[in-house]
Amino acid sequence: MDYGAIQRRSLRVLATGQVLGGLGMGAAFSLGSLLTASVGGSPAFAGLSATMSTLGTALFAIPLARLAGRVGRRFALATGGVIGLVGAIMVIVSASLNNLPLLLASMLTLGAGGAVNLQTRFAAADLAKPETRARDLSLVVWATTIGVVAGPNLVGPGDLLGEKLGLPALTGAFAIAAVAQLLSAILYLSALRPDPLLVARARASSEGGVQTPPRRGFGVAIRILAESPAAAVAVFALAMSHATMVAVMAMTPVHLALHGVIIPLIGLTISLHTAGMYAFSPVFGWLADRIGRTPVILIGQAILLSSLLVNFSAPDSVLAVTIALILLGLGWSASTVASSALLTESVAAQDRTTVQGFSDTVMSLAGAGGGALAGLVLAAVGYGLLNIWVITLVVFVVIAVLSLGWRTKASATA
């Protein structure tokens, strides 16, 4: 069996699916906060959009990972796309009814699309060679660029479509996102053949490896991480980097809107941020394969720190905030690509879906918590000081990564 050909085909399908799935996530993150504030009648509700969508990603991450563990990536990714489709439709309905609780539930459901986006990066690593694992993973992450950059700029076309369909303001983009989610589900179900995860397991078995049954469950994932400090640090770095990104990114549209910045310019700012998140991921993947995973995680944290300091120093400058948001995306990208590769290679093959699902859940819960607390901090002390508060998360990651290095050196010399 030509595993290289299967891997290349899988990467093409996963990348195309990421383009489509990114449309939904881009619209949710950029327009969700504005829509939630509008329906709720107060900017204080704005942070709940990112909170609920990332909480939804956390909610669906483990079930979709378990589904992948049982029947393969193909059905798991397609199922997540269908759930995301339902969520996008629910957003439109809840806005039409001006119902905030239903809107928040809709954002929660739409979060399944985020779980799919996260799971695809691990699917890209199923058949990857160790020396190109970070690169292959990063190529699928890069494909998200098109969708998430286009998503925030669906405001204009979405509003035109919404007017023709009689939809509420700011919801037309979610109609486009619904179609994109449907197409991604169809793509995964029909084209991700043979399934990369199932092929990887069959290859391991044919090569004479002793295949133990996959271990599943929340508690099992924690025990696996306790056995692998490198995997535990990877999960922590993923979670804290995501919390840092969501906390600042989710509050930026609200902050700019309060300063009178027009919505198209807000959309452009978020688009540049998401371009930073995904467009340069192959660079960080290549770098992680060359110099190692932990050095690239530390590079990512340094970039995140620079972003937060720029935002703190000039919170009222649109140019400075835009630069800070680009840096925020770049820091997230470096940390996410390197940490994901580190996690994959630090866990036995049969346990990967269990730990990957747990990691995506923790990552999304951290993002949800960051978004919720950021709204309170923004209301209390303003956008500039919010960034200082978030710096503590970066410091925690740096300490964790350095401690892993010290532990590894100590073990080597023992």
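Check the entry above for the structure.
First, a word on what this report is: a plain description of the structure on this page. (Residues numbered from 1 in each chain as written. Predicted model: local features only at pLDDT ≥ 70, side-chain atom pairs only at ≥ 80, totals over all residues. Heavy atoms only, no water.)

Attention now moves to the overall build of the protein chain. A count of helical and extended segments in the protein chain gives 16 helices and zero strands. Along the first, second and third principal axes, the C-alpha set of the protein chain runs to 60 × 45 × 35 Å. Put simply, the protein chain has 414 residues, and 59% of those count as buried. Here the contacts in the protein chain between residues at least 6 apart in sequence split such that 84% fall between residues at least 24 apart. Accessible surface, the protein chain as shown: approximately 15300 Å² in total, 72% of it carbon and sulfur. Distance between charge centres in the protein chain, computed from 23 positive and 14 negative side chains, equals 6 Å. (Helix = DSSP H or I, 4+ residues; strand = E, 2+ residues; numbered from the N terminus. Buried < 20%, exposed > 50% of the residue type's maximum accessible area, 1.4 Å probe, protein only. Contact = heavy atoms within 4.5 Å. Areas by Shrake-Rupley, 256 points an atom, 1.4 Å probe, with all protein chains shown as cover. Lys, Arg positive; Asp, Glu negative; His and termini not counted. Charge placed at Lys NZ, Arg CZ, Asp CG, Glu CD.)

Here helix α13 (residues 293–313) spans 31 Å end to end across 21 residues, near enough to the 30 Å set by a 1.5 Å rise per residue. Every buried residue of α13 is listed here: R293, V296, I297, G300, Q301, I303, L304, S307, L308 and N311. Down the axis of α13, the smallest arc covering the buried residues is 160°, so these residues share one side. (Expected span 1.5 Å × (residues − 1). Arc of directions from axis to C-beta.)

All right, on to the pattern of salt bridges then. Applying the stated criterion across every chain yields a total of six salt bridges. Of the charged contacts in the structure, one is a salt bridge between E345 and R133, with a shortest N-O distance of 3.4 Å. Residue E345 is located in helix α14 (residues 318–345), and its partner R133 is located in helix α5 (residues 133–150); the two are separated by 212 residues in the primary sequence. Classification of R133 as buried rests on a relative accessible area of 8%. Notably, a salt bridge pairs R293 with D289, separated by 2.8 Å at the nearest N-O pair. On the basis of relative accessibility, which here comes to 9%, the residue R293 falls in the buried class. (Salt bridge = Lys/Arg side-chain N within 4 Å of Asp/Glu carboxyl O.)

Tracing the sequence through the fold places V86 in helix α3 (residues 73–96). Residue classification places V86 among the partly exposed positions, given a relative accessible area of 39%. Separated by 95 residues in sequence, V86 and Q181 have C-alpha atoms that sit 9.0 Å apart.

Within this structure, the stated rule accounts for one aromatic pair. Note on Y278 and W332: the rings are 5.5 Å apart at their centroids and 70° apart in plane angle, and the pair reads as edge-to-face. In this pair, Y278 sits in helix α11 (residues 263–278) while W332 sits in helix α14, placing the two residues 54 residues apart along the sequence. Given the relative accessible area of 12%, Y278 is considered buried. In this structure, R203 is placed above the aromatic ring of Y3, and the distance from its NZ or CZ to the ring centre is 4.9 Å. (Phe/Tyr/Trp six-rings, centres within 6.5 Å; stacked < 30°, edge-to-face > 60°. Lys NZ or Arg CZ within 6 Å of the ring centre and 35° of its normal.)

Our next topic: the packing of helix α10 (residues 229–258) against α13. Running from amino to carboxyl end, α10 crosses α13 at an angle of 20°, the nearest separation of the two axes being 12 Å. Overall, the two elements α10 and α13 adopt an arrangement that is roughly parallel. Note on packing geometry: the crossing formed by α10 with α13 is left-handed. Along the contact surface, α10 presents A237, S241, T244 and V248, while α13 presents I297, Q301, L304, L308 and N311. The residue inventory of the contact of α10 with α13, partitioned by class, reads five nonpolar, four polar and no charged. (Axes fitted to C-alpha atoms, helices over the stretch in contact; angles between N-to-C directions. Parallel < 35°, antiparallel > 145°, perpendicular 65-115°, else oblique. Left-handed = near helix turned anticlockwise from the far one by under 90°. Nonpolar A, V, L, I, M, F, W, Y, C, P; charged D, E, K, R; others polar.)

Taken together, the side chains of R8, R9, R12 and K129 define a basic patch exposed on the protein surface. Within the secondary structure, R12 is located in helix α1 (residues 3–40). Residue R12 is classed as exposed on the basis of its relative accessible area, which comes to 53%. (Patch = residues over 30% accessible without salt bridge, like charges linked within 9 Å, V, L, I, M, F, W, Y side chains within 5 Å.)

Let's shift gears to helix α8 (residues 196–206). Here α8 has its buried residues at P196, L197, V199 and A200. End-on view of α8: buried residues confined to an arc of 160°, all on one side of the axis. Two or three places before L197, at the start of α8, stands the capping residue D195, its side-chain oxygen 3.0 Å from that residue's backbone nitrogen. (Polar contact = N/O pair within 3.5 Å; in protein donor to acceptor, adjacent residues only side chain to side chain.)

Following R193, the chain continues into P194 via a peptide bond in cis, with omega recorded as -10°. When you line up the elements, P194 lands in the loop between α7 (172–191) and α8. Phi at N98 is positive, roughly 55°, even though this residue is not glycine. The topology assignment puts N98 in the loop between α3 and α4 (100–125).

Angle between the axes and distance between the axes: these two values describe a pair of packed helices. It is the contact of helix α12 (residues 281–291) with α14, at a shortest axis distance of 9 Å, that shows an interaxial angle of 45°. What the angle tells us is that α12 and α14 run oblique. By crossing handedness, the relation of α12 to α14 is classed as right-handed. Residues S281, F284, G285 and A288 of α12 form the contact with α14, whose participating residues are L330, S333, A334, V337 and A338. The class makeup of the residues in the contact of α12 with α14 is six nonpolar, three polar and no charged.

Glancing now at the side chain of S106. Residue placement: S106 occurs in helix α4. Look past the residues within four positions of S106 in its chain and what remains in contact with it is G87, M90, V91 and S94.

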